[in-house]
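Residue-level listing of the chains:
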Amino acid sequence: MIRVELLKLARRPRSWVAIALLCLLPIVVAIFVAVTHVAPPPGQGPALLSAVLSSGSLFPAAALAIVLPVFLPISVAVVAGDAIAGEASSGMLRYLLARPVGRTRLLVAKLVALIAYVLVAVVAVAVTSYVTGILLFGDKPPAALSSGSLSTSGVIANSLSGTGMTPADVLLRTAGAVAFIAVSMLGVGAIALFLSTLTDSALGAALGALAALIASGVLVALNSAASISPYLPTRYWLSWIDFFRQPILWRDIDRGFAIQAVYVVVFLGAAWANFASKDVTS
Amino acid sequence: MIVTTGLTKRFGQVLAVDQVDLQVSEGDRYGFLGPNGSGKTTVVRMLLGLVYPTGGAIEVLGVPVPRQVSAVLPRIGALIEAPSAYGHLSGRANLMLIDAAGPRPRGGRSGRRRRVAEALERVGLGGVDDRAVRKYSLGMRQRLGLAAALLRSPRLLVLDEPTNGLDPQGIREIRSLLVELNAAGTTIFLSSHQLSEVEQLCTRIGVVDRGRLVLQDDLAALRGPTGRVLVRSPDAGQAAALLGGRVVYRDDDRLIVADADVAQVNAQLVDAGMRVTEIGPERRSLEDLVLSVTGSGSDRFGRPAARSAGAPGSQALVADGHRAASDADAGGSSQ
Ligand SMILES: Nc1ncnc2c1ncn2[C@@H]1O[C@H](COP(=O)(O)OP(=O)(O)OP(=O)(O)O)[C@@H](O)[C@H]1O
Ligand SMILES: [Mg+2]
């Protein structure tokens, strides 16, 4: 069944269009920055973008920062929201279950396909932007960000005064960032997957998950909601930037992983509980 | 094959299926009839473990459902309401996916292409091209749905309105396909509200009305003589007077006489010098039978008066009054 789900996802033009668009946006940004040599001043604009001018090998990180707030969650929510609700609305859910594909198996297969999609999307962005970065900005070893100048909201004021990073170092740190972002997106996916078992409307499930993210984003930015902000899904989304500091700041990274793991477990559990016990009347 | 006892399903306020005791034996061609919204699809979904019953028990092929439904589903082919497929793929690709989903089939992966080709051949789509299912006609989709149900040579076919959207030719083709499969040992459970379809195909019927099973019997037994004689005569008035209390119904030149002996009634009329244009035992058509035991469909809203006007079936009686007396005995023959 897992093979079938992967095949289904791969045969959908939509999956590839979404990934292509995700890769394209950072390239467009890179071209503008390369042509004008005007990067946002440190502390503004997409994180890390200003550091890119000095070295293209940091561009994958900048590219991830560009797609992370909106485009990546949208594409993940659409795929995850479609998982069960899409089958329900196309009428295939009943035929799959009658084949029989066990409900748990179906959910697991959908989850594996979702994880594969998230990984492919994030890695595709990282790889294409690495190539773009090297081509447009060269591959001088970049400097790490100093760890002194963080702000908790995730928008960082960078400084290029840190120690230089070797290419292997950059690669490792980027891999860490990719893993962190993939896990964060899995959190989004879990929420959308849960909603997908609640409704027969794929669009409704995707929008519901996005609404939850936007609400979380609003609350994170709200000082008076500080007491709950450590538990919000988007709170540590940008903490992967800490991978590019010298030394790496593990505190928020660890917390980010932990909170996403909790979201993934809770929402997948809820999705399973609901799906395994519900009447399929679509 | 299928045995349900006290099967009940409640959707919130709606009692969709109410204490249904189905009995389908091996080799039956079972027709499951009922007006719109009477609960046929809900029963089918419960048989397949898609909807969980709120009460009662189901056994399919000797296995309790929904507890061990995954043990029987591989031996069941199903068409549930409309057929479905992934619109952007071809029919063949759809069947390949469906075949690949679910437990490992006997023939393994290598047999997949052959199984799919066979199933397509059976439903008359053998030579179909690679166009996406989105571009299929309604009839082609219906055939594709049937092909999916036949993929793994099931022992039991559960078909919910399989001939929806087919032309008369297609309906006949499907009917002969089903008869052929049945002869080869496949039990067929078919839900429909197309009475003629059921009449021509099925050996046994069950009728549901507003969630209750109101009739279940062999079709041959049900359609036997009713024990009454149908007479057509230009002298109907005099004949009615002659036969007296035995006449249960009269309209114009038609009489219905409560007497099992056609020859005797005929002799009596002819002896009295009456002209008889037509005489014979009354046999009920499936349509009469079903209409007499079911009310107006439970999906009709907005005319509450019609339902409270009398017993279920009162609307049908207005249309054809002679069913009044048969109401009771038809109801009695459902166990
Ligand atoms: N998911 C649901 N939620 C609430 N009520 C439902 C649901 N599904 C079906 N029902 C109700 O259950 C009853 C039986 O519906 P069902 O679809 O089983 O009828 P049916 O006999 O298949 O009708 P038709 O011949 O029109 O296909 C109807 O009154 C319907 O409104
Ligand atoms: Mg139905």
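Structure shown above.
Residues numbered from 1 in each chain as written. Chains lettered and ligands numbered in written order. Predicted model: local features only at pLDDT ≥ 70, side-chain atom pairs only at ≥ 80, totals over all residues. Heavy atoms only, no water.

*Asks:* Explain the interface of chain B and chain A to me, using residue names and the numbers behind them.
*Replies:* Listed as interface residues are 34 residues of chain B and, on the opposing side, 28 residues of chain A. For the pair chain B and chain A, the summed buried surface comes to about 2,500 Å²; carbon and sulfur atoms form 57% of the total. The interface formed by chain B and chain A holds one salt bridge in total. Ionic pairing is found between D279(A) and K9(B), a salt bridge with its closest N-O pair at 2.5 Å. The interface formed by chain B and chain A holds 17 residue pairs in polar contact (both at pLDDT 80 or more) in total. Counting only elements with at least two residues in the side of chain B that touches chain A, the list comes to β1 (2-11), β7 (76-79) and α3 (91-100) of chain B. Element by element, the count of residues in the side of chain B that touches chain A is highest for α3(B), at five residues. For the side of chain B that touches chain A, the class distribution of residues is 22 nonpolar, five polar and seven charged. (Contact = heavy atoms within 4.5 Å. Buried area = accessible area lost by both parts, 1.4 Å probe. Salt bridge = Lys/Arg side-chain N within 4 Å of Asp/Glu carboxyl O. Polar contact = N/O pair within 3.5 Å; in protein donor to acceptor, adjacent residues only side chain to side chain. Helix = DSSP H or I, 4+ residues; strand = E, 2+ residues; numbered from the N terminus. Nonpolar A, V, L, I, M, F, W, Y, C, P; charged D, E, K, R; others polar.)

*Asks:* Would you mind going over the packing of helix α1 (residues 2-11) of chain A against helix α7 (residues 103-137) of chain A in detail, with residue names and values included?
*Replies:* All names here are of chain A. Orientation of α1 relative to α7, taken along the N-to-C sense of each, is 45 degrees, at an axis distance of 8 Å. Considering their axes alone, α1 and α7 lie oblique with respect to each other. When the axes of α1 and α7 are compared, the crossing they make is right-handed. Residues I2, E5, L6, K8 and L9 of α1 lie in contact with α7, whose contacting residues are L106, A109, K110, V112, A113, A116 and Y117. (Axes fitted to C-alpha atoms, helices over the stretch in contact; angles between N-to-C directions. Parallel < 35°, antiparallel > 145°, perpendicular 65-115°, else oblique. Left-handed = near helix turned anticlockwise from the far one by under 90°.)

*Asks:* Any details on the sheet that holds strand β4 (residues 29-33) of chain B? Residues and values, ideally.
*Replies:* Residues and elements named next belong to chain B. Reading across the sheet, the six strands line up as β7-β8-β9-β4-β10-β11 and stay open at both edges, with mixed pairing between neighbours. Of all the strands in the sheet, the pair left with one neighbour each is β7 and β11 (212-218). Within this sheet the neighbouring strands show an average axis-to-axis angle of 15 degrees, counted without direction. Each of β4, β8 (156-160), β9 (187-192) and β10 (204-209) touches helix α1 (residues 40-47); the most contacted strand, β9, lies at about 145 degrees to it. Together, β7 and β8 form the strand contacts of helix α5 (residues 138-150), whose direction differs from that of β7 by roughly 160 degrees. (Pairing = 2+ DSSP bridges.)

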